[in-house]
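# Chains, contacts and geometry: an overview
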Amino acid sequence: MTSDSTSEAEMSAAVEAAQKVVDTVTSWDYSATDEKIEDKLLEGLQAAGVSVSDTERDRLLDEISALKQDETAGTPQVQEARPSSAEVV
C-alpha cells in the first residue's frame, strides 16, 4: 500500500483507468500535435478521476509521440497512477 488512505485496490483501479485514457489518446489522430495529445491525456485523466506523477506523464507522452514514427511500438503501459483525491506521499 502506498499510503494509509489509498488501498492497493484503489491504486490498481486508478492504473486501469489511466491505461484506458492512454489507450484512447494513443488511438487518436496521429497528425495531432504533441500539445494536443498532452491536452487530451490530461483531460482524460481528470475525467477519469486519476492522476499520474509528472515523471510518468512525461514518459507516457514521449512514448505516445514516438508512435508517430513507429506504429508497431505498441501502446505505452501505465506504471503508476492514483485516485486524484489521494495525496501524493
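To be clear, the structure that these remarks concern was listed above.
Scope of this entry: the structure provided in the associated data block. Here, residues in each chain are numbered from 1, in the same order as that chain's written sequence. Whole-chain, interface and lining totals are the exception, using all residues; otherwise, since this is a predicted model, local features are given only for residues with pLDDT of at least 70 and side-chain atom pairs are given and counted only at 80 or more. Values reported for side chains reflect all heavy atoms of the structure, with hydrogen atoms and water molecules removed beforehand.

## A few points about the packing of helix α1 (residues 8–27) against helix α2 (residues 34–48)
Two elements in contact, α1 and α2, have axes separated by 9 Å at closest approach and are oriented at 150°. Between α1 and α2, the angle falls in the class roughly antiparallel. Judged by the sense of rotation from one axis to the other, the crossing of α1 with α2 is right-handed. Here A17, A18, V21, V22 and V25 of α1 lie close against α2, whose contacting residues are I37, K40, L41, G44, L45 and A48. Class assignment of the residues belonging to the contact of α1 with α2 gives a composition of nine nonpolar, one polar and one charged. In this analysis, axes come from line fits to C-alpha atoms, helices being fitted only over the stretch in contact, and the angle between any two N-to-C directions falls in the range 0 to 180 degrees. Helix and strand assignments come from DSSP, with helices taken as H or I runs of at least 4 residues and strands as E runs of at least 2, each series counted from the N terminus. Angle categories are assigned with fixed cut-offs, so that under 35 degrees is roughly parallel, over 145 is roughly antiparallel, 65 to 115 is roughly perpendicular, and the rest are oblique. Should the near helix be turned counterclockwise from the far one by less than a right angle, the crossing is left-handed, whereas a clockwise turn marks it as right-handed. The criterion used for residue contact is that any of the two residues' heavy atoms lie within 4.5 Å. When residues are grouped by polarity, Ala, Val, Leu, Ile, Met, Phe, Trp, Tyr, Cys and Pro land in nonpolar, Asp, Glu, Lys and Arg in charged, and all others, Gly among them, in polar.

## Some thoughts on the environment of L45
Assignment of secondary structure puts L45 in helix α2. Exposure is judged per residue with a 1.4 Å probe applied to protein chains only, and the accessible area is read against the type maximum: over 50% gives exposed, under 20% gives buried, and values in between give partly exposed. Judged by its relative accessible area of 4%, L45 is buried. Sequence separation between L45 and A14 is 31 residues, and the spatial gap between their C-alpha atoms is 9.5 Å. Not counting residues within four places of it along the chain, the set of residues in contact with L45 comprises A18, V21, V50 and V52.

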